[in-house]
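Chain and residue survey
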Amino acid sequence: MSATHEPRPAPDDARVIWDADDIARAMRRIAHQILETNRGTHHLVLLGIPSRGAPLAHRLAALIADAEGVEVPVGELDITMYRDDLRRHPTRPVGRTRVPVSLDGATVVLVDDVLYSGRTIAAAMDALKDLGRPRAVRLAVLIDRGHHELPIQADHVGKDLPTASDEHVRVRIAEIDGSDAVTLSSAKGA
């Protein structure tokens, strides 16, 4: 667990949408979908978007290794300096980008916890341009809550969770938060 990512307590009105078993099942399904789409592990690279996308990427890599007997390169892609809201939030701490292999000609699967507006993924696409020229870029997310503001959609989704714009989806990951869960709460409880 990184010292810069404190566990988030669940709001008082948070309703558990998924527990640890649900998340584990979704991760297995996503891992197998990635393998099917890629036709195996050849030139496959997983890049998690911090903070919760990074441990999810490592989990997917472990599941792929269990299924195929092949270690897939996994890294982290910090998108802080590519965000379009830096003027509103200029003190955002810069994280670490770790790319384990060349991305040129690779199939890169970006991994994140929640797809909402699509702006995080747009920033990730901009960051990738500075790192190489992948053959293909795909997106795997645990939760797609809708409300996309950009023409971005995930290739692999654990759960489509339609939400109101004033609701908050929280993904808790054991590596950061001490337990796995997906909760939904209203704006007043967040």
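Before any of the text, the structure's been laid out above.
Below you will find a few notes about this structure. (Residues numbered from 1 in each chain as written. Predicted model: local features only at pLDDT ≥ 70, side-chain atom pairs only at ≥ 80, totals over all residues. Heavy atoms only, no water.)

What about the sheet that holds strand E6 (residues 156-160)?
Here is the rule: Strand pairing follows a simple DSSP-based rule, namely that at least 2 bridges must link the two strands. Every helix listed is a DSSP run of H or I at least four residues long, and every strand listed is a run of E at least two residues long, numbered separately from the N terminus. For helices, the fitted axis covers only the stretch in contact; all axes are lines through C-alpha atoms, and the angles between them, taken along N-to-C directions, range from 0 to 180 degrees. Throughout, a contact is declared for two residues whenever any of their heavy atoms are within 4.5 Å.
Strand order in this open sheet of five strands is E3-E2-E4-E5-E6, and the pairing throughout is parallel. The sheet terminates laterally at strand E3 (74-76) and E6, the two strands that pair on one side only. Strand after strand, the sheet turns through a mean of 25° between neighbouring axes, direction not considered. Note that strand E4 (residues 107-115) and strand E5 (residues 136-144) share eight bridges and pair parallel. Its bridge partner being in E5, Val111 is matched across the sheet by Ala140. Contacts from helix H1 (residues 20-38) reach strand E2 (44-48), E4, E5 and E6, with the element oriented near 150° to E6.

Side note on the sheet that holds strand E7 (residues 167-172)
Across a sheet, paired strands are connected by hydrogen bonds in the backbone, their directions being either parallel or antiparallel. Strand order in the open sheet made by the three strands is E1-E8-E7, with antiparallel pairing throughout. With partners counted over all chains shown, the strands left at the sheet margins are strand E1 (15-18) and E7, one partner each. Averaged over all adjacent pairs, the angle separating strand axes in this sheet is 30°, with direction ignored.

Quick notes on the pattern of salt bridges
Stated precisely, the cut-off is as follows: Salt bridges are defined by distance alone: a side-chain nitrogen of Lys or Arg within 4 Å of a carboxyl oxygen of Asp or Glu. Three exposure classes are used, based on accessible area relative to the maximum for each residue type with a 1.4 Å probe and protein chains only: buried under 20%, partly exposed in between, and exposed over 50%.
Counted by the stated rule, this structure contains six salt bridges. For Asp180, the salt bridge identified is with Arg59, shortest N-O distance 2.9 Å. Here Asp180 is found in the loop between helix H4 (174-177) and strand E8 (181-186), whereas its partner Arg59 is found in helix H2 (residues 53-68), with 121 residues between them in sequence. On the accessibility criterion, Asp180 (18% relative accessible area) is buried.

Structural notes on the pairing of E5
We count it as follows: A clockwise path from the first strand over the helix to the second, with the strands pointing away from the viewer, defines a right-handed crossover.
Most of E5 is tucked away: eight of the nine residues are buried. Handedness of the E4-helix H3 (residues 119-129)-E5 crossover: right-handed. Direction of pairing for E5 relative to E6: parallel, over a ladder of four bridges. Residue pairing across strands places Ile143 opposite Lys159, the latter belonging to E6.

Describing the environment of Leu35
Take Leu35: it is sitting in helix H1. Given a relative accessible area of 7%, Leu35 falls into the buried group. Beyond its immediate chain neighbours, meaning those up to four positions away, Leu35 contacts Gly40, Thr41, Ile64, Ala67 and Glu68.

Observations regarding unusual backbone geometry
For the bond running from Pro50 to Ser51, omega is 15°, close enough to zero to count as cis. Looking at where Ser51 falls in the secondary structure, it is placed in the loop between E2 and H2. Of note in this structure, Arg39 is not a glycine but carries a positive phi near 55°. Here Arg39 shows up in the loop between H1 and E2. Given a relative accessible area of 78%, Arg39 falls into the exposed group. Positive phi is not limited to glycine here, since His43 has a value of about 60°. Turning to its location among the elements, His43 is positioned in the loop between H1 and E2. His43 gets classed as partly exposed once you look at its relative accessible area, which sits at 47%.

Topic: the pairing of E8
Each regular strand shows side chains that alternate between the opposite faces of the sheet. Within E8, five of the six residues are buried, leaving the element largely enclosed by the surrounding structure. Pairing of E1 with E8, which is carried by three bridges, proceeds in the antiparallel orientation. The residue bridging Arg15 from the neighbouring strand is Leu184, located in E8. Of the pairings in the sheet, the one linking E7 to E8 comprises six bridges and is antiparallel in character. Each bridged residue has a counterpart across the sheet, and for Glu167 the counterpart in E8 is Ser186.

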